[in-house]
Amino acid sequence: MWELLSLLLLTLAYFFWPKSKIFGAKFPKSLPSLPLVGSLPFLPRHGHMHVNFFKLQEKYGPIYSFRMGPTSTVIVGHQQLAREVLIKKGKEFSGRSQVETLSLLSNKGKGIAFADSGAQWQLHRKLALGTFSLFRDGDQKLENLICREVNALCDFLATCNGEDVDLSAPVFMSIINIISLICFNMSFKREDPKLKIMKNFTEGILHSLGKETLVDIFPWLKIFPNKTLQEIKKNVKVRDEVLGEIIKKQKEKFQSDSISSLLDILIQAQMNAENNNRGPSQDSSILSDTHILATIADIFGAGVETTTSVVSWIVAFLLHNPQVKKEVQEEIDQNIGFNRMPNFSDRTHLLLLEATIREVLRIRPVAPVLIPHKANTNCSIGEFKIPKGTQVIINLWALHHNEKEWHQPDKFMPERFLDPTKRQLITPSLSYLPFGAGPRACIGEALARQELFLIMASLLQRFDIELPDDGKLPSLEGDPKVVFLIDPYKIKLKVRPAWKEAQGEESI
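Fair warning: this is a prediction, and the values are worked out from it, not measured in the lab. Sequence positions are assigned chain by chain, starting from 1 and proceeding in written order. Reporting in this predicted model follows two pLDDT cut-offs: at least 70 for local features of residues, and 80 or more for side-chain atom pairs to be given and counted; totals over whole chains, interfaces and linings ignore these cut-offs and use all residues. Think of the side-chain values as coming from all heavy atoms in the structure, minus any hydrogens and water.

Runs of E in the DSSP output that reach at least two residues are strands. Runs of H or I that reach at least four are helices, and both are numbered from the N terminus. In terms of helices and strands, the protein chain carries 17 helices and 11 strands. A principal-axis box enclosing the C-alpha atoms of the protein chain has dimensions of 80 × 60 × 50 Å. Buried, partly exposed and exposed residues are distinguished by accessible area as a fraction of the type maximum, computed with a 1.4 Å probe on protein chains only: under 20%, between the cut-offs, and over 50%, respectively. Counting only residues that meet the buried cut, the protein chain has 54% of its 508 residues in that class. Only heavy atoms enter the contact rule, under which two residues are in contact if any of them lie within 4.5 Å. Restricting to contacts in the protein chain with at least 6 residues of sequence separation, those with at least 24 account for 74%.

As a further point, take the sheet that holds strand S1 (residues 63-68). Paired strands, as defined in this entry, are two strands with at least two bridges between them according to DSSP. Strand order in the open sheet made by the four strands is S1-S2-S7-S4, with mixed pairing throughout. The open sheet is flanked by S1 and strand S4 (373-374), the only strands paired with a single partner. Where strand S2 (residues 71-76) meets strand S7 (residues 391-394), four bridges bridge the pair, whose relative direction is parallel. Paired with Ile75 across the strands is Ile393, a residue of S7. Packing of helix H2 (residues 49-60) onto the sheet brings it into contact with S1 and S2, and relative to S1 it is tilted by some 115°. Every axis in this analysis is a line fitted to C-alpha atoms, fitted for helices over the stretch in contact. Angles between the N-to-C directions lie between 0 and 180 degrees.

So, about the nonpolar core. Buried Ala, Val, Leu, Ile, Met, Phe, Trp, Tyr and Cys residues form a nonpolar core when they are joined through side-chain atoms within 4.5 Å. Ile296 and Phe300 are the most contacted members of the largest nonpolar core, which totals 117 residues. Setting aside its immediate chain neighbours within four residues, Phe300 contacts Ile176, Ile179, Ser180, Cys183, Phe184, Met198 and Leu243. Within the second largest apolar cluster, 21 residues are counted, among which are Val74, Val76, Phe93 and Cys379.

Turning next to the packing of aromatic side chains. Paired rings are identified among Phe, Tyr and Trp, the last through its six-membered ring, by centres lying within 6.5 Å, and are further divided according to the angle between planes into stacked (under 30 degrees), edge-to-face (over 60) and tilted (the rest). One pass over the structure, following the stated rule, counts 12 aromatic pairs. For the pair Phe218 and Trp220, a centre-to-centre distance of 6.3 Å together with 50° between the ring planes defines the contact as tilted. When the centroid spacing of 4.9 Å and the interplanar angle of 25° are considered together, the rings of Phe317 and Phe412 count as stacked. Of this pair, Phe317 sits in helix H12 (residues 305-320) while Phe412 sits in the loop between helix H15 (396-400) and helix H16 (445-462); the two residues are 95 residues apart in sequence, bridging distant segments of the chain. Taking relative accessible area as the criterion, Phe317 reaches 3% and is therefore assigned buried. What makes Phe412 buried here is its relative accessible area of 10%. Grouping aromatic residues by their ring pairs yields a cluster made of Trp313, Phe317, Trp397, Phe412 and Phe484. Each ring is checked for a lysine NZ or an arginine CZ that lies within 6 Å of its centre and within 35 degrees of its normal; such an atom marks a charge sitting over the ring. The ring of Phe156 carries Arg190 above its face, with NZ or CZ at 4.7 Å from the centroid. One cation-aromatic arrangement involves Lys199 over Phe172; the distance from NZ or CZ to the ring centre is 5.7 Å.

Attention now moves to the sheet that holds strand S3 (residues 164-165). The strands making up a sheet associate through hydrogen bonds between their backbones, and the pairing can be parallel or antiparallel. An order of S3-S11-S8 is seen for the three strands of this open sheet, with the pairing classed as antiparallel. Each edge of the sheet is formed by a strand with only one pairing partner; in this case those strands are S3 and strand S8 (463-466). Across four bridges, the pairing between S8 and strand S11 (residues 491-495) is antiparallel. Its bridge partner being in S11, Glu466 is matched across the sheet by Lys492.

Relative to the helices and strands, Asp264 resides in helix H10 (residues 262-274). Positive charges come from Lys and Arg alone, negative charges from Asp and Glu alone, with His and the N- and C-terminal ends not counted. A pairing counts as a salt bridge when a side-chain nitrogen of Lys or Arg comes within 4 Å of a carboxyl oxygen of Asp or Glu. There is no salt bridge for the buried Asp264, and the closest opposite charge comes from Lys253, which lies 9.2 Å off by N-O distance. Excluding residues that lie within four positions of it along the chain, Asp264 makes contacts with Phe254, Ser258 and Ile259.

Bringing the pairing of S11 into the picture now. Taken across its five residues, S11 has four buried, putting it largely inside the fold. In this structure, S3 lies alongside S11, joined through two bridges in antiparallel fashion. For Asp164, the partnering residue across the bridge sits in S11 and is Lys492.

On to helix H14 (residues 351-363). In an α-helix, one turn spans 3.6 residues; hence positions three or four apart end up facing the same way. Compared with the 18 Å implied by 1.5 Å per residue over 13 residues, the 18 Å span of H14 between its first and last C-alpha is a close match. Along H14, 13 of the 13 residues are buried, which leaves the element largely enclosed by surrounding structure. Helix span, as expected, comes to 1.5 Å for every residue beyond the first.

The next subject is unusual backbone geometry. Of note in the backbone geometry, Asn107 takes a positive phi value of approximately 55° without being a glycine. If you check the backbone angles, Lys108 has positive phi at about 65° while not being a glycine. For Lys108, the position within the fold is in the loop between helix H4 (100-105) and helix H5 (119-131). Taking the relative accessible area as the measure of exposure, Lys108 reaches 69% and is therefore exposed.

One can describe the packing of helix H9 (residues 227-252) onto helix H11 (residues 289-303) by two numbers: an axis separation of 10 Å at closest approach and a directional angle of 115°. Classified by the angle between their axes, H9 and H11 sit roughly perpendicular to one another. Pair H9 / H11 crosses with right-handed handedness. Along its contact with H9, which presents Arg239, Asp240, Leu243, Gly244, Ile247 and Lys251, the element H11 presents Asp289, Leu293, Ile296, Ala297 and Phe300. By definition in this entry, angles of less than 35 degrees are roughly parallel, angles greater than 145 are roughly antiparallel, angles of 65 to 115 are roughly perpendicular, and the rest are oblique. With the far helix as reference, a near helix turned anticlockwise by less than a right angle produces a left-handed crossing, and one turned clockwise produces a right-handed crossing.

Structure (structure tokens):
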């Protein structure tokens, strides 16, 4: 029965499918394409997608196209063209295509990350960016919030002294607290069961989004049972229940004369809109409770697993390169010592550590391919005409691994981000765009940079990071989902004797 129904639907789709536009010679060179299925049969089926896209550049050039069902997609793998899309023509390419999986995640395109360009996206992005102004000074200064959580993280890890541990779980808990302080002005105790629930639904959503599903290409397939969609729905339901409960409680305590979080800013904007005390873009319909929940969920989704993953990548590369680890620790010992915690201004002295972080963000970017953009109007990329509605994907992996831009791009070389004297940080190539750029750039870039530096500086100041008892090195292959995850691994942490001595503890 299912076979007959599928055949009938395919037949109907063939006759009613939007006919392909006949692009002129100026449209980027395309992979072969067939009716209905487009270029699917001609795309590589094995290996990482970002690597396969990069390899296709050898045949089709730094900008090429293919069809996914009825949708035209352009792949950009050169920095000059990428910067044109992201920055020079950022507004023209600021759209987002709406597909089934991301529609479930974003409650039909609400929030920031997956929302199409328009008044709702612009307003919520503006309000989210404005939140960071709340954390500029005093006890609520962003750096102070991060340092408190990092200190608590290190104190917890000290209880695991000499044991094999998976660092990602405790780091995840600490990052959750930092994001929660920004979103709600509240934090969780490490044993709070909500933290485990948050970790589970975050990982569940990421793994579901990383699975190939034809429903994003052929939406009508959602009429059939789909395990991936069911997993996303289940995890999104839990996410919305947990965050929704927190939002409800915080909303009950809201005071307009005490704005201290992203949620407060969103609630205040909502109240202003409802009272007609608003700017031209603050329509109450785009500040509903469901819109607020979607934006909060976006910040959690984008701000937690990304930083956690990068910390795991940094530690993995240091284990593979023990000489770099040794030199970074020597740098910390000489410039900070053991009598105080690192602060963000130390970045001007801990140049090798900062270079190491930058190199990891290059060699294993958070998102090897950026979330697809969409052309909002008929426009162009270089010499090529791009029709309205075309999906454009920036292959960040290609930019970060281009041999013409980077010497030995597959080799881990933090020194490439230092000048010949090793006394100054440099950006060796315009191909380096770890957080994207332009109107769709990551709004949490400044936060992430502080978190990564302060976490790594504190870990390396207090602990020797060693291989676990089985001596197994972490795999550097990775698992590209929406975020480029690293396969789970364990390390052994040992409190450094010099740290113990400085704290007045008995050295062992």
